[in-house]
Amino acid sequence: MRRTCLAIGLGLALAVLPGPARLQAAAVCVLTPRLALNARAEAVAAVPIGAPTILSTEPLEEVRIEREDEVLWQRRALPGEPIEGPIPWPLAPIRPGQRLVLLLRPLGVRTDDFAIIELEGDPAERMGRAQRQLDGLGTDPDLWWAAIQRTFDRGDLSLGLALLYALEGPASPRLDNLRRAVFLAGCGST
């Protein structure tokens, strides 16, 4: 299996470069978990909440989660029905320091080309604090709004996006508008 990818844009979009000629690329914009580039230019995502929502702005053909090349979970699109929208975390929650690999295959690329994202659970203290915060928000949209805004205000985009797109979050016009605006903004221009 070839796993060629190159991070582009704001550190959130990945381009899967098919074939040795690399004549065309398919972009994958991942909103959650929040991506960054490590020193080797690999896409990594520090995971503050054990059961993160997986959300790409592009339709996908396949989503896979692996550990040490073992497939732990996989979902393939049905013909004519790409995978779209938020995907609930399908496994036991990620533990602090645990490493997994998230593979995404966008529409129109070869079956062995994936965007690769290294997932790593944040330190135990941070994950515990984030989970307690998530658990304490309940169903009050105003509490969710305030928590998300405070998180973004202190520059913690990883946790802010995790809260914004957490499937436990309530529906409300203000939150839904923010979710929609962030989704439509995607990863910026690539």
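Model, not experiment: these values are computed from the prediction.

Each value, and the rule that gives it
- Residues numbered from 1 in each chain as written.
- Predicted model: local features only at pLDDT ≥ 70, side-chain atom pairs only at ≥ 80, totals over all residues.
- Heavy atoms only, no water.
- Helix = DSSP H or I, 4+ residues; strand = E, 2+ residues; numbered from the N terminus.
- Expected span 1.5 Å × (residues − 1).
- Buried < 20%, exposed > 50% of the residue type's maximum accessible area, 1.4 Å probe, protein only.
- Arc of directions from axis to C-beta.
- Contact = heavy atoms within 4.5 Å.
- Core = buried A, V, L, I, M, F, W, Y, C linked by side-chain atoms within 4.5 Å.
- Axes fitted to C-alpha atoms, helices over the stretch in contact; angles between N-to-C directions.
- Parallel < 35°, antiparallel > 145°, perpendicular 65-115°, else oblique.
- Left-handed = near helix turned anticlockwise from the far one by under 90°.
- Nonpolar A, V, L, I, M, F, W, Y, C, P; charged D, E, K, R; others polar.
- Polar contact = N/O pair within 3.5 Å; in protein donor to acceptor, adjacent residues only side chain to side chain.

Let's talk about helix α4 (residues 173-185)
Two residues of an α-helix separated by three or four positions point the same way, owing to the 3.6 residues in each turn.
At step 1: Over its 13 residues, α4 extends 18 Å from the first C-alpha to the last, a length consistent with the 18 Å expected when each residue adds 1.5 Å.
At step 2: Taken together, the buried positions of α4 are occupied by L175, L178 and R179. The buried residues of α4 occupy an angular sector of 100° when the element is viewed end-on, so they sit on one face. For α4, exposure combined with an orientation more than 90 degrees from the buried face picks out P173, L184 and A185.
At step 3: Where α4 is buried, its residues touch α2 (141-153) and α3 (157-164).
At step 4: Once α4 ends, the next one or two residues include G186, with phi positive near 55°.

Points about the nonpolar core
At step 1: Counting 22 residues, the largest nonpolar core has V63, I65, W89, L102, L104, I117 and L119 as its most contacted members.
At step 2: Secondary-structure elements contributing two or more residues to this core are β3 (26-32), β5 (43-47), β7 (60-67), β9 (99-106) and β10 (115-121).
At step 3: If we skip the residues at most four places from it in the chain, V63 touches W73, Q74, R75, I83, I87, L102, L103 and L104.
At step 4: If you look at the next biggest cluster of nonpolar residues, it comprises 21 residues, including C29, L55, L134 and W144.

Examining the packing of α2 against α3
At step 1: Closest axis-to-axis distance for the α2/α3 pair is 8 Å, and the angle between their directions is 160°. In terms of orientation, α2 lies roughly antiparallel with respect to α3. Handedness of the α2/α3 crossing: left-handed. On α3, the residues touching W144, A147, I148, T151 and F152 of α2 are L157, L159, G160, L161, L163 and L164.
At step 2: When grouped by side-chain class, the residues that make up the contact of α2 with α3 number nine nonpolar, two polar and no charged.

Some points on the side chain of S158
At step 1: Looking at where S158 falls in the secondary structure, it is placed in helix α3.
At step 2: Since its relative accessible area comes to 14%, S158 is described here as buried.
At step 3: One polar contact links the side chain of S158 to the main-chain carbonyl oxygen of A46, over a distance of 3.2 Å.
At step 4: Ignoring anything within four residues of it in the chain, the contact list for S158 reads R34, A46, P48 and R126.

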